[in-house]
Structure formats: structure tokens, C-alpha cells
Amino acid sequence: STVSNAQKLSKNAIFSLHRGDADNAAQQIVSAEEIAQELLPIVEQAACLRQGSFGNACEEWAEAVIFQTYLREARVLSWGEVRWLTCEEY
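Read on for a plain summary of the structure. Given the structure is predicted, the values throughout are model-derived calculations rather than measurements.

When its secondary structure is counted, the protein shows three helices and zero strands. Whereas a compact globule of 90 residues would reach a radius of gyration of roughly 12 Å, the protein reaches 13 Å, a difference of no more than 12%. A principal-axis box enclosing the C-alpha atoms of the protein has dimensions of 40 × 25 × 15 Å. For the protein, the proportion of its 90 residues judged to be buried stands at 38%. Considering only contacts within the protein whose residues lie at least 6 apart along the sequence, 58% involve residues at least 24 apart. Entry remark: accessible area of the protein is about 5400 Å², with carbon and sulfur atoms responsible for 52%. Charged side chains of the protein number 7 positive and 13 negative; the gap between the two group centres comes to 3 Å.

As a packed pair, helix α2 (residues 22-45) and helix α3 (residues 53-73) sit with axes 10 Å apart at the nearest point and diverge in direction by 145 degrees. In this structure, α2 crosses over α3, and the sense of that crossing is left-handed. Note on element contacts: α3 touches α2 through F54, W61, A64, V65, Q68 and R72, opposite A26, I29, A32, E33, A36, L39, L40 and V43. Across the contact of α2 with α3, the residue classes break down as eleven nonpolar, one polar and two charged.

Here we take up the packing of aromatic side chains. Summed over all chains, the structure comprises one aromatic pair. Consider the rings of W61 and W84, whose centres lie 5.0 Å apart with planes at 50 degrees: the pair is tilted. Taken as a pair, W61 in helix α3 and W84 in the segment after α3 lie far apart in primary sequence, 23 residues in all. Above the face of the W79 ring, R83 is positioned so that its terminal group lies 4.1 Å from the ring centre.

Per the stated rule, a full pass over the model turns up four salt bridges. With its nearest N and O atoms 3.5 Å apart, the salt bridge here joins E60 to K11. Residue E60 is located in helix α3, and its partner K11 is located in helix α1 (residues 2-19); the two are separated by 49 residues in the primary sequence. Overall, the relative accessible area of 10% leaves E60 in the buried class. Note that E73 is salt-bridged to R75, the shortest N-O span being 2.6 Å. E73 gets classed as partly exposed once you look at its relative accessible area, which sits at 44%. Owing to a relative accessible area of 32%, R75 belongs among the partly exposed residues under this scheme.

Moving on, we come to unusual backbone geometry. Located in the positive-phi region is A74, a residue other than glycine, with phi close to 55 degrees. Looking at the secondary structure, you find A74 in the segment after α3.

Rules and cut-offs
Residues numbered from 1 in each chain as written. Predicted model: local features only at pLDDT ≥ 70, side-chain atom pairs only at ≥ 80, totals over all residues. Heavy atoms only, no water. Helix = DSSP H or I, 4+ residues; strand = E, 2+ residues; numbered from the N terminus. Rg over C-alpha atoms; globule rule 2.2 N^0.38 Å. Buried < 20%, exposed > 50% of the residue type's maximum accessible area, 1.4 Å probe, protein only. Contact = heavy atoms within 4.5 Å. Areas by Shrake-Rupley, 256 points an atom, 1.4 Å probe, with all protein chains shown as cover. Lys, Arg positive; Asp, Glu negative; His and termini not counted. Charge placed at Lys NZ, Arg CZ, Asp CG, Glu CD. Axes fitted to C-alpha atoms, helices over the stretch in contact; angles between N-to-C directions. Left-handed = near helix turned anticlockwise from the far one by under 90°. Nonpolar A, V, L, I, M, F, W, Y, C, P; charged D, E, K, R; others polar. Phe/Tyr/Trp six-rings, centres within 6.5 Å; stacked < 30°, edge-to-face > 60°. Lys NZ or Arg CZ within 6 Å of the ring centre and 35° of its normal. Salt bridge = Lys/Arg side-chain N within 4 Å of Asp/Glu carboxyl O.

Rendered as C-alpha cells:
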């Protein structure tokens, strides 16, 4: 499914970052976010859809982008910088 693709891309981005492949990780993070952002309007219409696989994919994306930022800038992204995520997903 599309949601599982977003989650897999985010997981793979984390693995890429661990291997030092920042360019590939960046592409994977962007692709995962594009999928999530495409689905977000649908999910926002029915809050119950946010729980489960969509929320899990968002959480995985958050881990990837936070790790990426930590490696690039030696800091942790604040929730305010990724406000489209819920507090739980962040």
C-alpha cells in the first residue's frame, strides 16, 4: 500500500544514514513525506485513520528526519518544525 511505501522509505532512509549515504537518505525522506502529505487531507477528514499504519509511517518519517538533522546540524528538530505531525508521531 501507499502508506507502507512511506514507512519503508523512512526505514530505509534511517539505514542509509547509518551507512553514511546521506544523499540516498535525503531522497527517501522527501519521497516518504510526499506520500504522507498526499494522504494527509484524506486522513484529516477521518481522525480514526490517523491511528495505525498512517501514524506509524509518520512516526518512522519523524525518526528519519530527526536523525538526518542531528547528523547534519548536531541538533534535534523541534515538534514546531514538523507541525503536520501529531505530538505522538513526533
